[in-house]
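Next come the chains, spelled out residue by residue.
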Amino acid sequence: MLKAYKLYTGEDGHSHIITGTVNEGILNQASTIRFQESPPHSFYDWHNAPACQYVINLLGTLEFETFPGETFTLNPGEILVAMDTTGTAHRWKMKGEDPWRRVYVAFDESLPVNFVEDKE
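One structure accompanies this document, and this report is about it. Just so it is clear, the structure is predicted and the values come from calculations on it, not from any experiment.

### Considerations on the side chain of Asn57
Working step 1: Tracing the backbone through its elements, the reader meets Asn57 in strand 5 (residues 53–59).
Working step 2: Engagement of the side chain of Asn57 in a polar contact is seen with the backbone oxygen of Asn75, the distance being 2.9 Å.
Working step 3: Sequence-distant contacts of Asn57, defined by excluding residues within four places in its chain, comprise Leu62, Leu74, Asn75, Pro76, Gly77, Glu78, Trp100, Arg101 and Arg102.

### Quick notes on the packing of aromatic side chains
Working step 1: Considering all chains together, one arrives at seven aromatic pairs under this definition.
Working step 2: Pairing Tyr54 with Phe107 gives two aromatic rings, centres 4.7 Å apart and planes at 40°, and the pair type is tilted. You can see Tyr54 sitting in strand 5 and its partner Phe107 sitting in the loop between strand 10 (100–106) and strand 11 (116–117), a full 53 residues away along the chain.
Working step 3: Overall, Phe107 belongs to the buried group, its relative accessible area being 9%.
Working step 4: Ring geometry for Trp92 and Trp100: centres 4.8 Å apart, planes at 75°, overall edge-to-face.
Working step 5: Judged by its relative accessible area of 8%, Trp92 falls in the buried class.
Working step 6: Trp100 gets classed as buried once you look at its relative accessible area, which sits at 2%.

### Describing the pairing of strand 9 (residues 90–95)
Working step 1: Here strand 9 shows a buried face lined by His90, Trp92 and Met94 and an unburied face lined by Arg91, Lys93 and Lys95.
Working step 2: The sheet contact formed by strand 4 (residues 43–47) and strand 9 spans three bridges and is antiparallel. The partner of Tyr44 across the bridge, within strand 9, is Trp92.

### A few points about the side chain of Arg102
Working step 1: Mapped onto the elements, Arg102 comes out in strand 10.
Working step 2: Buried within the structure, Arg102 lacks any salt-bridge partner; its nearest side chain of opposite charge belongs to Glu37, at an N-O separation of 7.9 Å.
Working step 3: At 3.1 Å, the side chain of Arg102 forms a polar contact with the backbone oxygen of Trp100.

### Here we look at the pattern of salt bridges
Working step 1: Scanning the entire structure with this criterion turns up four salt bridges.
Working step 2: With its nearest N and O atoms 2.8 Å apart, the salt bridge here joins Arg101 to Glu37. Of the two residues, Arg101 sits in strand 10 while Glu37 sits in strand 3 (residues 32–38), which places them 64 residues apart along the sequence.
Working step 3: Judged by its relative accessible area of 48%, Glu37 is partly exposed.
Working step 4: Residue Arg91 is joined to Asp45 by a salt bridge in which the shortest nitrogen-to-oxygen separation is 3.6 Å.

Criteria and thresholds
- Residues numbered from 1 in each chain as written.
- Predicted model: local features only at pLDDT ≥ 70, side-chain atom pairs only at ≥ 80, totals over all residues.
- Heavy atoms only, no water.
- Helix = DSSP H or I, 4+ residues; strand = E, 2+ residues; numbered from the N terminus.
- Polar contact = N/O pair within 3.5 Å; in protein donor to acceptor, adjacent residues only side chain to side chain.
- Contact = heavy atoms within 4.5 Å.
- Phe/Tyr/Trp six-rings, centres within 6.5 Å; stacked < 30°, edge-to-face > 60°.
- Buried < 20%, exposed > 50% of the residue type's maximum accessible area, 1.4 Å probe, protein only.
- Pairing = 2+ DSSP bridges.
- Lys, Arg positive; Asp, Glu negative; His and termini not counted.
- Salt bridge = Lys/Arg side-chain N within 4 Å of Asp/Glu carboxyl O.

Laid out in structure tokens, this is it:
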């Protein structure tokens, strides 16, 4: 299983983070795919996910923060399941000298989502 983080909008209207994994070998239906690269030291201030999407991190290390102050670091090879399309949003900033190379794979949130929450 691959390490993943899920950003979602809670009942309180704020974006929140859950740590978990995505299962290998499960097929999910995707609606679009997009590739993007941002230069080192980039940041993106408060925003919501434009669609429910997997963000597959190919290169770059980023620190994410939610409006209530929850944080996590997304490393190369990890997956972000971005589902906070409403609410108080999140922001990110790059760490290190690498660019951020990623793949966005949008999906229909009414279908099963490949994310398994860590058990504590």
